Amino acid sequence: MRSQGQVRFIKVSTRVQALGALALILMLGAWLVVMASMALSQLSDGRQHYRLLEREAKIASTQKQVKTYRSEMTSLASDLARRQDFIQRLVEAHLDAPAEEIGQERAATGSSREAFSKISAAIPEASVLARLEADQLALVERLTRYADRRAARAEEAMRNLGLNPEIVLASARSGTAEGGPLLRLATSKDGSLDPRFRRLGTSLARMDALVSGLASVPQVQPAHVAYVSSSFGYRSDPFNGSAAFHAGLDFPGPMGSPIYAAAQGTVTFVGEKQGYGNCIEISHGNGLMTRYAHLSGFGTRMGQKVDTGARIGAMGSSGRSTGPHLHFEVRLNDKPVNPRTFLEAARHAQEDHPHA
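These notes cover the structure that comes with them. Quantities reported herein were computed from a predicted structural model and do not represent experimental measurements.

## Description of the overall build of the chain
And then number 1: Broken down by element type, the chain carries eight helices and 13 strands.
And then number 2: Among the 356 residues that make up the chain, the fraction classed as buried is 35%.
And then number 3: Pairs at least 24 residues apart make up 70% of the contacts formed inside the chain by residues separated by at least 6 positions.
And then number 4: Total accessible area computed for the chain in this model is approximately 21500 Å², and 55% of it derives from carbon and sulfur atoms.

## Some thoughts on the pattern of salt bridges
Close approach of charged atoms allows side chains with opposite charge to pair.
And then number 1: Within the structure shown, the criterion is met by 11 salt bridges.
And then number 2: R206 is the salt-bridge partner of E166, the closest N and O atoms lying 3.9 Å from each other. Of this pair, E166 sits in helix α6 (residues 165-172) while R206 sits in helix α7 (residues 195-215), and the two are 40 residues apart along the sequence.
And then number 3: Look at E166 and you get partly exposed, because its relative accessible area is 39%.
And then number 4: Accessibility expressed as a relative area gives 28% for R206, which makes it partly exposed.
And then number 5: For D250, the salt bridge is made with R235, and the minimal N-O distance between the two is 3.4 Å. Of the two residues, D250 sits in strand β5 (residues 249-252) while R235 sits in strand β3 (residues 233-236), which places them 15 residues apart along the sequence.
And then number 6: Since its relative accessible area comes to 6%, D250 is described here as buried.

## A few points about unusual backbone geometry
And then number 1: With phi around 65°, H294 is a residue other than glycine that occupies positive phi space.
And then number 2: Backbone geometry at N333 places phi at a positive 55°, although glycine is not the residue there.
And then number 3: Tracing the backbone shows N333 in the loop between β12 (325-332) and β13 (335-337).

## Let's talk about the packing of aromatic side chains
And then number 1: In this structure the tally under the stated criterion is three aromatic pairs.
And then number 2: Both rings, one in F232 and one in F245, keep their centres 5.3 Å apart while their planes meet at 80°; by these two values the pair is edge-to-face. A residue pair is termed long-range when its members are at least 10 positions apart, and F232 in the loop between α7 and β3 and F245 in strand β4 (residues 243-246) qualify at 13 residues.
And then number 3: Note on F232: relative accessible area 23%, which makes it partly exposed.

## Points about α7
And then number 1: End to end, α7 covers 30 Å across 21 residues, agreeing with the expected 30 Å (1.5 Å per residue, within 8%).
And then number 2: Within α7, burial applies to F197, L200, G201, S203, L204, M207, A209, L210, V211, G213 and L214.

## Some thoughts on the side chain of S203
And then number 1: Within the secondary structure, S203 sits in helix α7.
And then number 2: Looking at S203, the relative accessible area reads 3%, which means it is buried.
And then number 3: Beyond its immediate stretch of four places on either side in the chain, S203 contacts T144, A147 and D148.

## Quick word on the pairing of strand β7 (residues 265-273)
And then number 1: Relative to strand β10 (residues 305-306), β7 runs antiparallel, the two sharing two bridges. When the bridges of β10 are listed, T266 appears paired with K305.
And then number 2: With seven bridges joining them, β7 and strand β8 (residues 277-285) adopt antiparallel strand pairing. Bridge assignment links V270 to a residue of β8, and that residue is I280.

## What about the side chain of T290?
And then number 1: Here T290 shows up in strand β9 (residues 288-298).
And then number 2: On the basis of relative accessibility, which here comes to 0%, the residue T290 falls in the buried class.
And then number 3: Of the polar contacts made by the side chain of T290, one reaches the side chain of H284; its length is 2.7 Å.
And then number 4: Excluding its chain neighbours within four sequence positions, the residues that come into contact with T290 are P218, I280, E281, I282, H284, F328, E329 and V330.

## Quick word on the nonpolar core
And then number 1: F251, I259, I282, Y292, I312, L326 and F328 are the most contacted members of the largest nonpolar core, which has 43 residues in total.
And then number 2: Considering every element that reaches this core, the biggest residue donor is helix α5 (residues 125-160), with nine residues.
And then number 3: In this view, I259 contacts P222, A223, Y292, L295, A310, R311, I312, G313, A314, M315 and L326; residues no more than four positions away in its chain are not counted.

## Considering a nonpolar patch on the surface
And then number 1: Nonpolar side chains collect at one region of the surface, where L28, W31, L32, V34, M35 and M38 lie side by side and expose about 600 Å² of accessible area between them.
And then number 2: Within the secondary structure layout, L32 lies in helix α1 (residues 14-94).
And then number 3: Exposure remark for L32: the relative accessible area of 47% places this residue in the partly exposed category.

## Considering the environment of V211
And then number 1: When you line up the elements, V211 lands in helix α7.
And then number 2: By relative accessible area, which is 18% here, V211 ends up buried.
And then number 3: C-alpha separation for the pair V211 and A154, spaced 57 residues apart in sequence, amounts to 5.8 Å.

## Notes on the pairing of β8
And then number 1: Between β7 and β8, which follow one another and run antiparallel, lie three residues, and G275 among them has a positive phi close to 85°.
And then number 2: Examined bridge by bridge, β8 and β9 share six bridges and lie antiparallel to one another. Bridged to G285 within β9 is L288.
And then number 3: Connecting β8 to the antiparallel partner β9 that follows it, the hairpin turn spans two residues, and N286 within it adopts a positive phi of roughly 55°.

How each quantity is defined
Residues numbered from 1 in each chain as written. Predicted model: local features only at pLDDT ≥ 70, side-chain atom pairs only at ≥ 80, totals over all residues. Heavy atoms only, no water. Helix = DSSP H or I, 4+ residues; strand = E, 2+ residues; numbered from the N terminus. Buried < 20%, exposed > 50% of the residue type's maximum accessible area, 1.4 Å probe, protein only. Contact = heavy atoms within 4.5 Å. Areas by Shrake-Rupley, 256 points an atom, 1.4 Å probe, with all protein chains shown as cover. Salt bridge = Lys/Arg side-chain N within 4 Å of Asp/Glu carboxyl O. Phe/Tyr/Trp six-rings, centres within 6.5 Å; stacked < 30°, edge-to-face > 60°. Expected span 1.5 Å × (residues − 1). Pairing = 2+ DSSP bridges. Polar contact = N/O pair within 3.5 Å; in protein donor to acceptor, adjacent residues only side chain to side chain. Core = buried A, V, L, I, M, F, W, Y, C linked by side-chain atoms within 4.5 Å. Patch = residues over 30% accessible without salt bridge, like charges linked within 9 Å, V, L, I, M, F, W, Y side chains within 5 Å.

Everything listed here is a matter of geometry and, on its own, says nothing about what the molecule does.
As structure tokens, this is what we get:
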């Protein structure tokens, strides 16, 4: 150091230099530790903030899912109500069988439970709807199988009678003389129909057509008598003994004995016909017609719908007759066929298939 022309020297010993360097190093180290702590604290705060944001996002997503699930539950509940209305209408229109006849088997319909398993964890009520849907679909499958079984029995009974079930179905599908207001059936809010429910409707319609067709086949003996006095086919004419063709069966009995409809149908003639005397004709559809002749009285009128076994008249001896009896004819497309074939085959069919 220079001062007033004089030079002075300041000497720093090695020990002092070492102590100074150590102090500087300690100060730098302390500064680094403080800075690192501040950085770690900021990093920890950032991570915690990120976790909070992530949690908030998950909560918002869960709330959105729950809202969506609740919306789906409302939609499902609405669809279940529509499906139940569909089932109720079809059952009331087509079925009169007890529950035990339909069957108690359960259908394997686990898809609904799988679809709602995740929702059930968030909303317990969803499991109830899933179970209701599965039970409802199981009922639809049982009803479909019941209708198919009953249709098959009716088909077999018709074939035993010598009739073609497809002709009966074609007649039912002809669509003649139909009308009425449009009452749509749907199982979803968009107006669509679940294929399983459509299948049920098709099976029930087929069953209905076949069972109704079978009920319209002559199957009840029109007079409660012990024997037939004259059969279908060749015979000697009771008045002049010449060879003649007899187009029906003759049931002899007391005057005034009740006469019954051999099958359900519509009365198309009530009056007198040459040779037949007092006569009733009933149309049963599919080209089938039954004729009841030589009556002493009428118990029905033109256009009346009659059930199988309904009393329609009284036995007599009007027309070309030698005594009180019923002349009974079955005509297919206006051609006489042997009534005995129908009555006997129908009796056997009923014994084999009592519910057909």
